[in-house]
Amino acid sequence: MALEIAQPPAQSLQSLSAMLPQLAARVGVARQAPLITQALELATQHPSALPVTPVVPLLSSAVYVLGLDTVAARRGLAASRLVYWTHLLPSAGEEVVAADMKADTHEFAALTQGLHPSAFAQEVRTLQTSSEVEGHSYQLAQLRVPALHVNAVWLRDKDGANDIVIPLAPTAPELEAGRRYSASDFEAALEARARAVLAETDPLKGG
């Protein structure tokens, strides 16, 4: 199998199932994020089964996070941290909503609607039927550099060091959304920006 999609921890799904009815009942969610409300309504259409039967998302993936210092020092993607499991929930339209659960405690972290969750789902669908992954063994993950507003598909090469990173639109100006980057090229593209942002936020810098 060219593209391996890892199964999320059962506890992550169980925590998500237990949390969804509470989220769906929030007035602010319905008012400010109708797409999220639609997704929650679909995911909780059988509330009597919760939380015994976990919600089955469209897609789940591990989310790794790179800090600015890691990018600036070019420490490699292996220095990223597993922070979340994200679960993509269907909405009434073609778009999806992402529910992030903390990887260590399985507690709810965030709900996200917009371009990134849908772009991630679409890119994965493309890769599953693409010849470009043939002959390799990749594990699917999501890579984020929050300080630079970067979300990307991360194909982790299980047979070596030939990882592929695919930024999702919208992304940092130093990157091209949809382009296939090697791990080293991805870091190289962001290194200068990461250094600049770190310098701007350095509390010891004079002003």
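Refer to the structure presented above.
Residues numbered from 1 in each chain as written. Predicted model: local features only at pLDDT ≥ 70, side-chain atom pairs only at ≥ 80, totals over all residues. Heavy atoms only, no water.

**Description of the overall build of the protein**
Along its length, the protein carries 6 helices and 9 strands. Looking at the 207 residues of the protein, the share that counts as buried comes to 45%. The long-range share in the protein, meaning contacts at least 24 apart out of those at least 6 apart in sequence, stands at 53%. When the accessible area of the protein is evaluated, it comes to approximately 10400 Å², of which 52% is carbon and sulfur surface. (Helix = DSSP H or I, 4+ residues; strand = E, 2+ residues; numbered from the N terminus. Buried < 20%, exposed > 50% of the residue type's maximum accessible area, 1.4 Å probe, protein only. Contact = heavy atoms within 4.5 Å. Areas by Shrake-Rupley, 256 points an atom, 1.4 Å probe, with all protein chains shown as cover.)

**Digging into unusual backbone geometry**
Residue Pro-170 follows Ala-169 across a cis peptide bond; omega there is -5 degrees. Counting through the fold element by element, Pro-170 comes out in the loop between strand S8 (164-167) and strand S9 (181-182). Non-glycine residue Arg-74 carries a positive phi angle of around 55 degrees. Residue classification places Arg-74 among the partly exposed residues on the basis of a relative accessible area of 35%. The backbone phi angle of His-106 is positive, close to 65 degrees, even though this residue is not glycine. As for its placement among the helices and strands, His-106 is situated in the loop between strand S4 (96-102) and strand S5 (108-112).

**Focus: the environment of Glu-132**
Structurally, the position occupied by Glu-132 is in the loop between helix H5 (115-128) and strand S6 (138-145). A sequence separation of 130 residues divides Glu-132 from Ala-2, and the C-alpha atoms of the two residues are 9.4 Å apart.

**Points about the nonpolar core**
Core analysis: the largest hydrophobic core is formed by 25 residues, its most contacted members being Phe-186 and Leu-190. Listing elements by their share of this core, those giving two or more residues are strand S2 (59-65), helix H4 (68-72), S6, strand S7 (150-157) and helix H6 (183-200). Looking at this core element by element, the count peaks at 5 residues for H6. Core analysis: the next-biggest nonpolar cluster, separate from the first, contains 17 residues, Leu-127, Leu-140, Val-153 and Ile-164 among them. (Core = buried A, V, L, I, M, F, W, Y, C linked by side-chain atoms within 4.5 Å.)

**Digging into helix H1 (residues 10-24)**
An ideal rise of 1.5 Å per residue puts 21 Å on 15 residues; H1 measures up with 22 Å between its terminal C-alpha atoms. The axis of H1 is deflected most strongly, by about 30 degrees, at Ala-18, and proline Pro-21 appears within four residues downstream. Regarding H1, the residues found buried are Ser-12, Leu-13, Leu-16, Ser-17, Met-19, Leu-20 and Leu-23. (Expected span 1.5 Å × (residues − 1). Bend = angle between axes of the 7 residues up to and from the residue.)

**Things to note about the pattern of salt bridges**
Under the defined criterion, the tally for this structure stands at 8 salt bridges. Residue Glu-4 pairs with Lys-158 through a salt bridge whose shortest N-O separation is 2.4 Å. Pair noted here: Glu-4 is in strand S1 (residues 3-4) and Lys-158 is in the loop between S7 and S8, with a separation of 154 residues, a long-range link. Owing to a relative accessible area of 46%, Lys-158 belongs among the partly exposed residues under this scheme. A salt bridge links Glu-174 to Arg-193, with the shortest nitrogen-to-oxygen separation between them at 3.1 Å. (Salt bridge = Lys/Arg side-chain N within 4 Å of Asp/Glu carboxyl O.)

**Thoughts on the packing of aromatic side chains**
Each aromatic ring pair is summarised here by two numbers: the centre-to-centre distance and the angle between the ring planes. Counted under the stated rule, the structure contains 1 aromatic pair. Ring centres of Tyr-64 and Trp-154 lie 5.3 Å apart, and the angle between their planes is 80 degrees; this geometry places the pair in the edge-to-face category. Of this pair, Tyr-64 sits in strand S2 while Trp-154 sits in strand S7, and the two are 90 residues apart along the sequence. Like Trp-154, Tyr-64 is buried. (Phe/Tyr/Trp six-rings, centres within 6.5 Å; stacked < 30°, edge-to-face > 60°.)

**What about the environment of Arg-81?**
With respect to the helices, strands and loops of the structure, Arg-81 is situated in strand S3 (residues 81-90). Take Arg-81: its relative accessible area is 53%, and that puts it in the exposed class. Once the C-alpha coordinates of Arg-81 and Gly-67 are considered, the two residues, 14 residues apart in sequence, prove to be 8.9 Å apart.

**A closer look at the pairing of S8**
On S8, burial covers both faces: Ile-164 and Ile-166 on one face and Val-165 and Pro-167 on the other are all buried. By the bridge criterion, 4 bridges tie S7 to S8 in an arrangement that is antiparallel. Note on S8: the bridge partner recorded for Trp-154 is Val-165. Here S7 folds back onto S8 in antiparallel fashion, the turn holding 6 residues. The sheet contact formed by S8 and S9 spans 2 bridges and is antiparallel. Each residue of the ladder has a partner; that of Val-165, found in S9, is Tyr-181. (Pairing = 2+ DSSP bridges.)

Any functional reading would require information that these geometric values do not contain.
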